[in-house]
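Single-letter residue listing:
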Amino acid sequence: MTSFVGIDVTQTFTAAQLTGANSGKAPKINDLYESFDGKTYRFVKYNQGAGAIAAVIGNVVGFYAPGGTSTGVTNEVTSDVSDTAANGAGVLAGAPGNGEYGWIQVKGPATLNTALVSGASGQALALSVTTDGTLKVAAAVTETVCAYSILSASKIIMCAFPY
């Protein structure tokens, strides 16, 4: 894990910015950053998926799993739920382009861009498999809980994503 001071979690990076002369000046894949307010962020690669779903700040992403079949990739994420295995990865802090890199929030309170598909305050949440970029109430024991609804009407959650 690398320690950072005063980073901008909304900043995104191209592949070229992570290598060559820039190497060491930018975060590395899977680096973690804990902010002064106790939120934890993880540095990942964004993939638009088959549906070409653009990254939107405040949307939830899942681990990239082409066609819904996991390949074990944990450093690449997407908002396209058809290309996840229903495993939530985090909340986008920035809006990287396809194949670019950025930060996702994995711990601490967050306000989502979109409303929950289902669920009320206090309920455990899982990645929605029907609506891109959001969460729903975790209703089955087979669903991976990745967050908790703090105030559903205001789209405030407590992130509990794996990292």
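Residues numbered from 1 in each chain as written. Predicted model: local features only at pLDDT ≥ 70, side-chain atom pairs only at ≥ 80, totals over all residues. Heavy atoms only, no water.

## Brief notes about the overall build of the chain
Scanning the chain from terminus to terminus reveals zero helices and ten strands. Going residue by residue from the N terminus, the α and β elements of the chain occur as β-β-β-β-β-β-β-β-β-β. A compact globule built from 163 residues should have a C-alpha radius of gyration of about 15 Å, and the chain, at 15 Å, falls within 12% of that. Taking the principal axes of its C-alpha atoms as reference, the chain extends roughly 50 × 35 × 20 Å. Looking at the chain residue by residue over its 163 residues, the buried ones come to 42%. Contacts in the chain between residues far apart in sequence, at least 24 positions, make up 59% of those at least 6 positions apart. With the model as given, the accessible surface of the chain reaches about 7,500 Å², and the carbon-plus-sulfur share is 54%. (Helix = DSSP H or I, 4+ residues; strand = E, 2+ residues; numbered from the N terminus. Rg over C-alpha atoms; globule rule 2.2 N^0.38 Å. Buried < 20%, exposed > 50% of the residue type's maximum accessible area, 1.4 Å probe, protein only. Contact = heavy atoms within 4.5 Å. Areas by Shrake-Rupley, 256 points an atom, 1.4 Å probe, with all protein chains shown as cover.)

## Considerations on the pairing of strand β6 (residues 101–111)
In terms of residue burial, β6 counts as a mostly covered element, since eight of its eleven residues are buried. In terms of strand pairing, strand β2 (residues 40–46) meets β6 through six bridges, oriented antiparallel. Bridging across to β6, R42 finds its partner in I104. As judged from the two bridges shared by strand β5 (residues 84–92) and β6, these two strands associate in the antiparallel manner. (Pairing = 2+ DSSP bridges.)

## Overview of a nonpolar patch on the surface
Nonpolar side chains collect at one region of the surface, where V145, Y148, I150, L151 and M158 lie side by side and expose about 400 Å² of accessible area between them. Mapped onto the fold, Y148 is located in strand β9 (residues 147–151). With relative accessibility at 39%, the residue Y148 sits in the partly exposed group. (Patch = residues over 30% accessible without salt bridge, like charges linked within 9 Å, V, L, I, M, F, W, Y side chains within 5 Å. Salt bridge = Lys/Arg side-chain N within 4 Å of Asp/Glu carboxyl O.)

## With respect to the state of the cysteines
One pass over the structure, following the stated rule, counts zero disulfides. Not engaged in a disulfide, the cysteine C146 finds its nearest cysteine sulfur in C159; these two sulfurs lie 8.5 Å apart. (Disulfide = S-S within 2.5 Å.)

## Re the pairing of β2
For β2, the buried fraction is high: six of the seven residues fall into the buried class. Sheet topology note: the strand β1 (residues 32–34)/β2 ladder contains three bridges and is antiparallel. When the sheet's bridge partners are listed, L32 is paired in β2 with R42. Alignment of β2 against strand β4 (residues 76–78), held across two bridges, turns out to be parallel. Each bridged residue has a counterpart across the sheet, and for Y46 the counterpart in β4 is V77.

## Points about the packing of aromatic side chains
Each pair of aromatic rings is reported with the distance of its centres and the angle of its planes. For the structure shown, the criterion picks out five aromatic pairs. Centre to centre, the rings of F13 and F43 are 5.6 Å apart; their planes meet at 75°, and the pair counts as edge-to-face. One end of the pair, F13, is in the segment before β1; the other, F43, is in strand β2, with 30 residues separating them in the sequence. No difference in accessibility class separates F13 from F43, as the two residues are buried. (Phe/Tyr/Trp six-rings, centres within 6.5 Å; stacked < 30°, edge-to-face > 60°.)

## Let's talk about the side chain of T84
Relative to the assigned elements, T84 resides in strand β5. Among the polar contacts made by the side chain of T84, one reaches the main-chain amide nitrogen of A86 at a distance of 3.2 Å. Excluding residues within four positions of it along the chain, T84 makes contact with G62, F63, A65, G68, T78 and L127. (Polar contact = N/O pair within 3.5 Å; in protein donor to acceptor, adjacent residues only side chain to side chain.)

## Notes on the nonpolar core
With 23 residues, the main nonpolar core has I104, L135, I157 and F161 as its most contacted residues. Elements with a minimum of two residues in this core: β2, β3 (60–64), β5, β6, β7 (124–127) and β10 (156–160). Those residues within four positions of F161 in sequence are excluded, and the remaining contacts are V60, G88, A89, G90, V91, Q105, V106, K107, C146 and A147. In terms of nonpolar packing, the next biggest core, distinct from the first, is built from ten residues, F13, L18, Y33 and Y101 among them. (Core = buried A, V, L, I, M, F, W, Y, C linked by side-chain atoms within 4.5 Å.)

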